[in-house]
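# Structure assessment
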Amino acid sequence: MSDFGDRGRRPGERPGGGKPEGGRPPRGGDRPQRGRPEADLSKDPRERRAGDRPGYQGRSPRDEPSEDRDPYGIRSVRNRHDDPEIPDTVQAKDLDRVARAQLKTLSKENADGVAQHLVMVGQLIETNPQLAHAHAVSAARRAGRIAVVRETLAITAYSIGDFGLALRELRTYRRISGRDDQLPLMVDSERGLGRPDRALELARSVPRSSLSVDVQVQLAIAMSGARLDLGQTDAALTELQIPQLNPDKAFSWSPALFDAYASVLEDLGRDDEAEEWWQRSDRASEVLDSGGESGEDDLVEIVEEDADDDVEEEPADGGESRSE
């Protein structure tokens, strides 16, 4: 369920409030993040360490937030809640196989009900995030100790602007799964709470090399946004100057990175350079979309040509696509 990522927001924009002063309206359609790895349950959720609670290290237990006395945060979703209706056409088997496997510790009846709610989240997250969140809450009430369920609740909370709940649920997901793949969303949630300094501190708390490449890219974009929140536009550009910012080759995560880079260049008044990166983003996105859903290893080689040259797409050896 982790592919519900950062929705409805241009790279670098503050969550829930657009870009801070000096920002611009969104350019074109937003693209969802792709290919986030699924969580696993290999780590005992009770094995919690101070380092797993970003932003709260060094505090006494009395000062720690209440969710640490409620390890799975189930209390937060047990207030009165009416389960939203699930159409008869929605079946548990419609849920992604990897996510479904995480529900095997539940009874069959309960697992099927949770799966149906998660399917509804996937169908509604773009068009009706409030209703998607209601389904995520229902799933969490039934299966509060399942990583993918808490991850989904965090994502829907983020989508409706409840950044406090999103951050709390992401911490819970992190403890249960032992994974850092949602670190970019945690950083963005800190930004949404108006704490860009803490967002940057959190982003630096995990070695970049320990993250998958697509998560590294998402984290760079989130950190750049935090710099913009602080008015540090030059530093925001530097955060995006990572090895993956290759103008000639693009993976499935590259359009969002190119967009973010172009956006910051515009903030710096470097409009001609910005337009070049917007065009690279558009070309990469078009070729990726023409090849269907792309994974982290799908590659597009972007070749600059004169404006009068014909444009064609043809598959190259090794599963690559070329845009000329």
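Check the entry above for the structure.
Residues numbered from 1 in each chain as written. Predicted model: local features only at pLDDT ≥ 70, side-chain atom pairs only at ≥ 80, totals over all residues. Heavy atoms only, no water.

For the rest of this paragraph, the subject is the overall build of the protein chain. Scanning the protein chain from terminus to terminus reveals eleven helices and four strands. Buried residues in the protein chain amount to 49% of all 324 residues. Considering only residue pairs separated by 6 or more positions, the protein chain has 64% of its internal contacts joining residues 24 or more positions apart. Accessible area for the protein chain stands at about 15,400 Å²; split by element, carbon and sulfur atoms hold 42% of it. (Helix = DSSP H or I, 4+ residues; strand = E, 2+ residues; numbered from the N terminus. Buried < 20%, exposed > 50% of the residue type's maximum accessible area, 1.4 Å probe, protein only. Contact = heavy atoms within 4.5 Å. Areas by Shrake-Rupley, 256 points an atom, 1.4 Å probe, with all protein chains shown as cover.)

This structure, assessed with the given rule, holds four aromatic pairs. Between Y158 and F163, the ring centres sit 5.5 Å apart and the planes meet at 70°, which makes this aromatic pair edge-to-face. Each member of the pair Y158 and F163 is classed as buried. Their ring planes at 75° and their centres at 5.0 Å tell us that Y261 and W277 sit as a pair that is edge-to-face. With Y261 in helix α10 (residues 254-267) and W277 in helix α11 (residues 271-290), this pair connects stretches of sequence that are 16 residues apart. No difference in accessibility class separates Y261 from W277, as the two residues are buried. Taken together, the ring pairs in this structure connect F258, Y261 and W277 into an aromatic cluster. Looking at R280, its charged tip hangs above the ring of W277, at a distance of 4.6 Å from the centre. (Phe/Tyr/Trp six-rings, centres within 6.5 Å; stacked < 30°, edge-to-face > 60°. Lys NZ or Arg CZ within 6 Å of the ring centre and 35° of its normal.)

Structurally, S189 can be placed in helix α6 (residues 183-192). The exposure class of S189 is buried, given its relative accessible area of 0%. Once you skip the residues sitting within four places of it in the chain, S189 turns out to touch Y158, F163, A166, L167 and L170.

Tallied over the entire structure, the rule returns twelve salt bridges. Note that R227 and E239 form a salt bridge whose closest N and O atoms lie 3.0 Å from each other. Residue R227 is located in helix α8 (residues 213-229), and its partner E239 is located in helix α9 (residues 233-239); the two are separated by twelve residues in the primary sequence. Of the residues examined, E239 reaches a relative accessible area of 14% and is grouped as buried. With a closest N to O distance of 2.9 Å, R270 and E273 form a salt bridge. In this structure R270 comes out as partly exposed when scored by relative accessible area, which is 32%. (Salt bridge = Lys/Arg side-chain N within 4 Å of Asp/Glu carboxyl O.)

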